[in-house]
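Residue-level listing of the chains:
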Amino acid sequence: MSEVLILGEVREGSLNLRTLELLNIGKNLAKDLDGEFSVVLIGDELPAAASEALSYGPNKVFKVEHALLNNFNADLWLESLQQTVKQINPKIFLMSHSFIGMDLGPRLACRLDTRLTTDCIDLSINPGNGPGEDSLLLRTKPVSGGNAISVFKCPGVPQMATMRGNVIKPAEAAESQGEIVDIVPKIDESIIRVESLEIVKEDIIALDKADVVIAGGAGLGDEDGFEILEDLTRVLNKSFNNVMIGCSRVAVDKGWVSPDHQVGLTGTIISPDIYIAVGISGAIQHLVGMVQSKKIIAINSDSGCNMFKVADYGIVEDYETIIPLLVKKLEELS
Ligand SMILES: Cc1cc2nc3c(=O)[nH]c(=O)nc-3n(C[C@H](O)[C@H](O)[C@H](O)COP(=O)(O)OP(=O)(O)OC[C@H]3O[C@@H](n4cnc5c(N)ncnc54)[C@H](O)[C@@H]3O)c2cc1C
């Protein structure tokens, strides 16, 4: 029996980064339970993605294929997933805290009459040392706007959780002795309640792919401040592959930048090689999104601000003074 099952997500034919992270944590949980670990994939053509999933060492990859599953449709995917999870009957079922996981997770938990914990940052097995101990899933997640961390334990089968991205390492390729199992869900068009009229490719930025993030906050004063950050981005792009603009929530709330640039609890969680925080005070809700960056550089006019407590390097200065000087120096060096 598969003790631990994860939902893999496929983008343009291959597994996305969130799936690789789930593969890692799912494998570790199965090891702790001394049980099997499996992946379920949903779509219309999955041979390549299923082989890719197998290369990370799960015992089984369940390939749930149907012509109607070509694009994400919550009604069809939910029904297919429910049938599959009931058939496999795992002890633990995990999804990423992605749009798919957030859409399907609560409804699936309701249909399976179990409990779901969303947006977890860690998962482990309750040690269960003695008689009556339960070996339930311990679900760690931030609460109270990120000011505290709670660990939840709930009954129910399967034990369900969605996992936040970028908080665990992706799985590495492993020896593969597993098998691919085909499942054909019993679905038809009559269960579709939401019709998809058009798939619009959003021009969003993927902050979690950046090597360097230059983030601006309320201290920039207005949206023109981001043009000064763009100058720094342009010059750093000569030395780094992927330099992107991030921001605090205040900058989004004020309408200076679009929400896909927001770093933090309600934005993107990132861990770039370099994070440059400009005019950002370092509220806890911002820090949880960037504190795992390899090097943190803070530019702030207030030497007492919280951001300096997590920074590797700090510059106490008005950003409008220091950034043009930095740009000039970097241009001279490049
Ligand atoms: C449930 C919840 C979720 C949240 N989620 C997020 C989230 O995901 N991300 C997020 O960022 N926030 C989030 N917040 C908001 C968060 O609490 C803070 O309000 C926000 O991060 C503050 O943004 P800031 O640092 O840009 O602004 P401020 O706290 O106002 O800081 C501005 C900083 O700029 C400095 N400064 C001013 N002028 C200059 C200058 N000329 N040069 C250099 N420095 C200057 C100041 O010294 C100050 O440190 C959330 C809040 C809640 C309650």
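What you see is a predicted model, and the numbers here were worked out from it, not measured in a lab.

## Considerations on the site of the ligand
Then comes step 1: The immediate surroundings of the ligand are formed by 26 residues, with Gly 217, Gly 219, Ser 248, Gly 264 and Ser 281 found nearest.
Then comes step 2: For the shell around the ligand, a count of residues per class yields 8 nonpolar, 15 polar and 3 charged.

## Here we look at the domain arrangement of the protein chain
Then comes step 1: Each domain of the protein chain was delimited in the assignment, giving domain 1 (2–191) and domain 2 (207–333).
Then comes step 2: A separation of 34 Å is found between the C-alpha centroids of domain 1 and domain 2.
Then comes step 3: Facing 8 residues of domain 1, the contacting portion of domain 2 comprises 8 residues.
Then comes step 4: For the side of domain 1 that touches domain 2, the class distribution of residues is 2 nonpolar, 5 polar and 1 charged.

## As for the packing of helix 3 (residues 74–88) against helix 4 (residues 99–111)
Then comes step 1: Interhelical geometry of helix 3 versus helix 4 gives an angle of 45° and a closest axis separation of 10 Å. With respect to helix 4, the axis of helix 3 lies oblique. The way helix 3 lies across helix 4 gives a crossing that is right-handed. Only Asp 103, Leu 104, Arg 107, Leu 108 and Arg 111 of helix 4 make contact with helix 3, whose side of the interface consists of Ala 74, Trp 77, Leu 78, Leu 81 and Gln 82.
Then comes step 2: Taken together, the residues of the contact of helix 3 with helix 4 break down into 6 nonpolar, 1 polar and 3 charged.

Conventions used here
- Residues numbered from 1 in each chain as written.
- Predicted model: local features only at pLDDT ≥ 70, side-chain atom pairs only at ≥ 80, totals over all residues.
- Near = placed C-beta within 6 Å.
- Nonpolar A, V, L, I, M, F, W, Y, C, P; charged D, E, K, R; others polar.
- Domains from an automatic or database assignment.
- Contact = placed C-beta atoms within 7 Å.
- Axes fitted to C-alpha atoms, helices over the stretch in contact; angles between N-to-C directions.
- Helix = DSSP H or I, 4+ residues; strand = E, 2+ residues; numbered from the N terminus.
- Parallel < 35°, antiparallel > 145°, perpendicular 65-115°, else oblique.
- Left-handed = near helix turned anticlockwise from the far one by under 90°.

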